[in-house]
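Read off the chains here:
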Protein chains: 2
Amino acid sequence: MGKPIGVIDSGVGGLTVARELMRQLPKEKFIYLGDTLRCPYGPRPKDQVKEFTWQMVHYLMRRDIKMLIIACNTATAYTLNELQSVLPIPVIGVIEPGARAAIKSSRNKRIGVIGTEGTIKSQAYPEALKAIDHSMRVNGLACPPFVPMVENGILEGPEAEEIVSSTLLPLKEMNHIDTLILGCTHYPLIKDLVQKEMGSHINVISSGEETASETSLILAYHNVLEQGDSTPVHEFYTTGDMEKFRLVANRWFEEPIQVLKLIELEQFEKTAK
Amino acid sequence: MGKPIGVIDSGVGGLTVARELMRQLPKEKFIYLGDTLRCPYGPRPKDQVKEFTWQMVHYLMRRDIKMLIIACNTATAYTLNELQSVLPIPVIGVIEPGARAAIKSSRNKRIGVIGTEGTIKSQAYPEALKAIDHSMRVNGLACPPFVPMVENGILEGPEAEEIVSSTLLPLKEMNHIDTLILGCTHYPLIKDLVQKEMGSHINVISSGEETASETSLILAYHNVLEQGDSTPVHEFYTTGDMEKFRLVANRWFEEPIQVLKLIELEQFEKTAK
């Protein structure tokens, strides 16, 4: 078995990215680190997000990872460029893969993005889209009710449908997008509801799926795809409550997650530079 | 304007890849080289395909390209690894992007691939798929009538429908794929016909679309995305009959291709090492 791949997130949301990584790269071993203790990162100042992210990165670098995935929109927006230029391994975030997939998908160049208040305010998706094609027209909509709904396990039924429907109303009324980016790692869990609400003519893009596919390309590009055929045993770490993390994780994954250890915040601080 | 991107193909088929590249990367300038004089590459011995491909590569390297796209399945199968290890610029082919997109798309891990006799015989797609996930089950089908049909401009109507229907019959009868890779650069022009014949439950993947999206990632990854906002003027070269090339190209592109120069074979030979 070769080197593992590190996945960091502010909490549990990035597990949807990890799930896609495990599906699309079944030979690879992943080490997931969710900073549930200090979640969410969205409302925190930039310097603090950078500090917390670096603490996780330092831990994973000691584990000799071959690649790093930032499975958190806020951390991607604040740290991707720095990590890419400083770390000796490939680093990718979740924003650009979603943006590239939207450009591939859209025929009328009108794209919707839904996410947390922080992600929408940051303009990270419009900037990523316009950097490639400045004729893109992007409509962002913050959907604050979605994260608590998903974390409470409300993934289907009348209550979920009602929340999704009323939250997405401004986007439906706005104009004629043909592509919608799920710009928050929690949202893939309600993708079917969003798809139903927006209509089958809208291509709904899950950043996690695209991030996993781009990870596959980068590994191949650097000739570091896992060659063996042993079954990888993944590791999932949380900085917060283990039971709560395990509960959400096992609700989201098809198979129960076997390994789930706690890393104390102090350990982070010891490994920080 | 920064450096251009080179696209090579054995003939006109790669124009579908070029079209996608131009759509998804509207700021980038492309130089396309189609070796129509010596097309098709499929039946030729490996050493000859490598020789012809290198001749095109030498020409483009003199034009100071920043990246090379091999928009030809045969040339990709025979030369990608060598070009990737020798050239000082990023190189990608059309096979792996299609394979990665199929892995992303498939839920039941049963994938169909259609292509020329040469591509299907080469097992390039099954190998690329199984290298990432060896539980993939792949059914290949050679579709010899499709290339002449497309080059003759028969892209819709009863004749085209009949050819597509009867050619795809073995694949429809075979088993329960949920994803079909168009493993030939000509086929995106009959994607709608193939989709209709296979049914809406099958995700039909066009390698060109995926190759363009992966090109976008590699350019971003190396920080060489075009920054300016001048409109690029692309260049299209053929080694064979200019009028014939222009005829096919203008039938395929929404806007007529303005620049189209002939490069004599002798010029190739002069630039070969």
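Owing to the predicted nature of the structure, the values given are computational and were not obtained by experimental measurement. (Residues numbered from 1 in each chain as written. Chains lettered and ligands numbered in written order. Predicted model: local features only at pLDDT ≥ 70, side-chain atom pairs only at ≥ 80, totals over all residues. Heavy atoms only, no water.)

Caption draft 1: Representation of the overall build of chain A within the structure. A count of helical and extended segments in chain A gives 12 helices and 10 strands. Taken over the C-alpha trace, chain A has a radius of gyration of 18 Å; the compact-globule value for 273 residues is 19 Å, and the two agree within 12%. For chain A, the spread of C-alpha atoms along the three principal axes comes to 50 × 40 × 40 Å. A separation of at least 24 residues holds for 76% of the contacts in chain A among residues at least 6 apart in sequence. In chain A, 29 side chains carry a positive charge and 34 a negative one; their mean positions are 4 Å apart. (Helix = DSSP H or I, 4+ residues; strand = E, 2+ residues; numbered from the N terminus. Rg over C-alpha atoms; globule rule 2.2 N^0.38 Å. Contact = heavy atoms within 4.5 Å. Lys, Arg positive; Asp, Glu negative; His and termini not counted. Charge placed at Lys NZ, Arg CZ, Asp CG, Glu CD.)

Caption draft 2: Representation of the packing of aromatic side chains within the structure. Tallied over the entire structure, the rule returns 12 aromatic pairs over all chains. With a centroid separation of 6.1 Å and an interplanar angle of 45 degrees, the aromatic rings of A:Tyr32 and A:Phe245 are classed as tilted. Of this pair, A:Tyr32 sits in strand β2 (residues 30-34) while A:Phe245 sits in helix α11 (residues 242-252), and the two are 213 residues apart along the sequence. Grouping residues by exposure puts A:Tyr32 and A:Phe245 together as buried. Taken together, a centroid distance of 5.2 Å and an interplanar angle of 75 degrees make the contact between B:Phe146 and B:Tyr187 edge-to-face. Of this pair, B:Phe146 sits in helix α7 (residues 146-151) while B:Tyr187 sits in the loop between β7 (179-182) and α9 (191-198), and the two are 41 residues apart along the sequence. Comparing B:Phe146 with B:Tyr187 shows no difference in burial state: the two are buried. Counting every residue linked through ring pairs, the aromatic cluster contains A:Tyr32, A:Phe236, A:Phe245 and A:Phe253. Between A:Arg38 and the ring centre of A:Phe52, over which it is positioned, the NZ or CZ distance is 3.7 Å. (Phe/Tyr/Trp six-rings, centres within 6.5 Å; stacked < 30°, edge-to-face > 60°. Buried < 20%, exposed > 50% of the residue type's maximum accessible area, 1.4 Å probe, protein only. Lys NZ or Arg CZ within 6 Å of the ring centre and 35° of its normal.)

Caption draft 3: Here's a closer look at the relation of the copies chain B and chain A. With an RMSD of 0.0 Å, chain B superimposes on chain A once it is rotated by 180 degrees and translated 0.0 Å along the axis. The transformation relating the two chain copies, once decomposed into turn and shift, fits a two-fold axis. For chain B, the smallest separation between a C-alpha atom and the rotation axis is recorded for B:Glu214, amounting to 3.8 Å. (Least-squares fit on C-alpha atoms with pLDDT ≥ 70 in both.)

Caption draft 4: Local environment of the pattern of salt bridges. Residues and elements named next belong to chain A. The tally for this structure, following the rule as stated, stands at 32 salt bridges over all chains. Here Glu-96 makes a salt bridge to Arg-100, at a shortest N to O gap of 3.7 Å. Here the residue Glu-96 and the residue Arg-100 both occupy positions in helix α4 (residues 95-105), the gap between them amounting to 4 residues, near one helical turn. A residue is classified by how much of its surface remains accessible, and Glu-96, at 34% relative accessible area, is partly exposed. (Salt bridge = Lys/Arg side-chain N within 4 Å of Asp/Glu carboxyl O.)

Caption draft 5: Inspection of the interface of chain B and chain A at higher detail. In this assembly, 30 residues from chain B lie in contact with 30 residues from chain A. Note on chain B versus chain A: buried area summed over both sides is about 2,800 Å², and carbon and sulfur give 53% of it. Considering only the side of chain B, the residues that lose the most area to chain A are B:Lys104, B:Leu217 and B:Tyr221, jointly responsible for 24% of the buried surface there. Our enumeration of links across chain B and chain A arrives at 6 salt bridges. (Buried area = accessible area lost by both parts, 1.4 Å probe.)

Caption draft 6: Geometry of helix α10 (residues 207-221) of chain B. Residues and elements named next belong to chain B. An ideal rise of 1.5 Å per residue puts 21 Å on 15 residues; α10 measures up with 21 Å between its terminal C-alpha atoms. For α10, the buried fraction is high: 14 of the 15 residues fall into the buried class. One or two residues past the end of α10 sits Asn-223, with phi positive at roughly 55 degrees. (Expected span 1.5 Å × (residues − 1).)

Caption draft 7: View of the nonpolar core. By size, the foremost hydrophobic cluster in this structure holds 132 residues, and its most contacted members are A:Leu15, A:Ile114, A:Leu168, B:Leu15, B:Ile114 and B:Leu168. What B:Leu168 contacts, discounting residues up to four positions off in sequence, is B:Ile114, B:Leu141, B:Cys143, B:Phe146, B:Val194, B:Glu197 and B:Met198. (Core = buried A, V, L, I, M, F, W, Y, C linked by side-chain atoms within 4.5 Å.)

None of the figures reported here should be taken as evidence of function without further support.
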